[in-house]
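# Observations on chain architecture
Letter by letter, the chains look like this.
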Amino acid sequence: GAVVSQHPSWVICKSGTSVKIECRSLDFQATTMFWYRQFPKQSLMLMATSNEGSKATYEQGVEKDKFLINHASLTLSTLTVTSAHPEDSSFYICSAAMGQGNYGYTFGSGTRLTVV
Amino acid sequence: GDSVTQMEGPVTLSEEAFLTINCTYTATGYPSLFWYVQYPGEGLQLLLKATKADDKGSNKGFEATYRKETTSFHLEKGSVQVSDSAVYFCALSDRGGNKLTFGTGTQLKVEL
C-alpha cells in the first residue's frame, strides 16, 4: 500500500534555530500534501496544503513566514520551522493524497519537535 | 463549514467488551467518512472508510455505517482487546478530496 515516510521522528533544537521536517511518498506520486499540527491530547489542526510545484495554501492563523513549506517534487514535501520558539513544540504530521477526487490519504508517522 | 463531533473520552473498557464511539458530522453535499487510529507516539492509520450513504466500512473487527439520515458514522467493535487501546479520530472529506476535517479524537483504554 501507499507509504509516506516522515523524518525525523523526533528532534530537539535550541530557540532561534530552524528545523526541517521531510515527508516522502515512497511508492506513489503525491500531488497534494497536507501538514498538520497536533497538541497534546487534542485533534489535528491543518496548517497548510501544498501542491507540487506551487505555493502552499495556509490555513487562517498559520504564519507562512514561520512555517515554510516546499513541495518541489511529486514525492517530497518539507516543512521548515524557522526561528523556533518553545511554543512551537508540538507533534507535526504530514499526509499525502494521490490526486484530486481521490479519497485516499496516507499519513506519515509524525515528528515530535521540542524547542528548548 | 464542515465539522465532526465525536464523543469525549477517555473510554475505558474491559477486554472483550462491546465498543461504540459516536461520531456525527455536518457537511454540505456528500462527504466521504473515515475512522483513523493513532497509537501512542505514532501518526495516523486509516482504520476504515465509507464513501456514500449506507456503505459500511469494516476492518480488524471494527465497523461503521454511513447514515445520511442521522449524519452519523459510529464506530463499533464487538469484542475489544488490550491492543485496541489508542486514540480514534472520526473525519470527513469533501467530494473534491481536498482535505480532511477531524473530530477531536476519543481515547480508548482497554484493560484486562
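Residues numbered from 1 in each chain as written. Chains lettered and ligands numbered in written order. Predicted model: local features only at pLDDT ≥ 70, side-chain atom pairs only at ≥ 80, totals over all residues. Heavy atoms only, no water.

## Describing the pattern of salt bridges
Within this structure, the stated rule accounts for five salt bridges over all chains. The partner of Arg 24 of chain A in a salt bridge is Glu 22 of chain A, and the shortest N-O contact between them spans 3.5 Å. For Arg 24 of chain A, a relative accessible area of 33% translates into the label partly exposed. Residue Lys 77 of chain B is joined to Asp 84 of chain B by a salt bridge in which the shortest nitrogen-to-oxygen separation is 2.8 Å. (Salt bridge = Lys/Arg side-chain N within 4 Å of Asp/Glu carboxyl O. Buried < 20%, exposed > 50% of the residue type's maximum accessible area, 1.4 Å probe, protein only.)

## Points about the confidence of the model for chain A
Overall, the prediction assigns chain A a mean pLDDT of 89, with 93% of residues at 70 or greater. Put simply, strand β10 (residues 105-107) of chain A is where chain A has its lowest mean pLDDT, 85, and strand β2 (residues 10-13) of chain A is where it has its highest, 96. (pLDDT = per-residue confidence, 0-100. Helix = DSSP H or I, 4+ residues; strand = E, 2+ residues; numbered from the N terminus.)

## Notes on the interface of chain B and chain A
Contact residues are listed per partner, giving 22 residues for chain B and 19 residues for chain A. Both sides of the chain B and chain A interface together cover about 1500 Å² of buried area, and 53% of this is carbon and sulfur. Where chain B touches chain A, the interface holds three residue pairs in polar contact (both at pLDDT 80 or more). Counting residues per element, the ones that place at least two in the side of chain B that touches chain A are β5 (32-38), β6 (44-50), β10 (86-93) and β11 (100-102) of chain B. With four residues, β5 of chain B is the largest single contributor of residues to the side of chain B that touches chain A. (Contact = heavy atoms within 4.5 Å. Buried area = accessible area lost by both parts, 1.4 Å probe. Polar contact = N/O pair within 3.5 Å; in protein donor to acceptor, adjacent residues only side chain to side chain.)

## Here's the deal with the environment of Thr 49 of chain A
Residue and element names in this part refer to chain A. Within the element layout of this structure, Thr 49 appears in strand β5 (residues 44-51). Residues Thr 49 and Ile 12, 37 residues apart in the sequence, show an inter-C-alpha distance of 25 Å. For Thr 49, the residues in contact, after removing those within four places along its chain, are Thr 32, Met 33, Phe 34, Ala 56 and Thr 57.

## What about the sheet that holds strand β8 (residues 76-81) of chain A?
Residues and elements named next belong to chain A. Spatially, β1-β3-β8-β7 is the arrangement adopted by the four strands of the open sheet, whose pairing is antiparallel. The open sheet terminates on both sides in strands that have one partner only, identified here as β1 (4-7) and β7 (67-73). With direction set aside, neighbouring strand axes in the sheet form an average angle of 15°. Inspection of the sheet shows strand β3 (residues 19-25) paired to β8 by six bridges, in the antiparallel sense. Counterpart to Arg 24 in the pairing with β8 is Leu 76. (Pairing = 2+ DSSP bridges. Axes fitted to C-alpha atoms, helices over the stretch in contact; angles between N-to-C directions.)

## Here's the deal with the pairing of strand β1 (residues 3-6) of chain B
Residue and element names in this part refer to chain B. On β1, burial follows the alternation: Val 4 and Gln 6 on one face are buried, whereas Ser 3 and Thr 5 on the facing-out side are not. When β1 meets strand β4 (residues 23-26), the two strands line up antiparallel, connected through four bridges. The residue of β4 that forms the bridge with Ser 3 is Thr 26.

## Some details on the state of the cysteines
By definition, a disulfide links the sulfur atoms of two cysteines through a covalent bond. Residues and elements named next belong to chain A. Enumeration over the complete set of coordinates arrives at two disulfides over all chains. Between the sulfur atoms of Cys 23 and its disulfide partner Cys 94 the distance amounts to 2.0 Å. Of note, the bridge from Cys 23 to Cys 94 carries an S-S torsion of about 80° and is right-handed in sense. Placement of Cys 23 in strand β3 and of Cys 94 in strand β9 (residues 90-97) is noted, with a sequence separation of 71 residues between them. Each member of the pair Cys 23 and Cys 94 is classed as buried. (Disulfide = S-S within 2.5 Å.)

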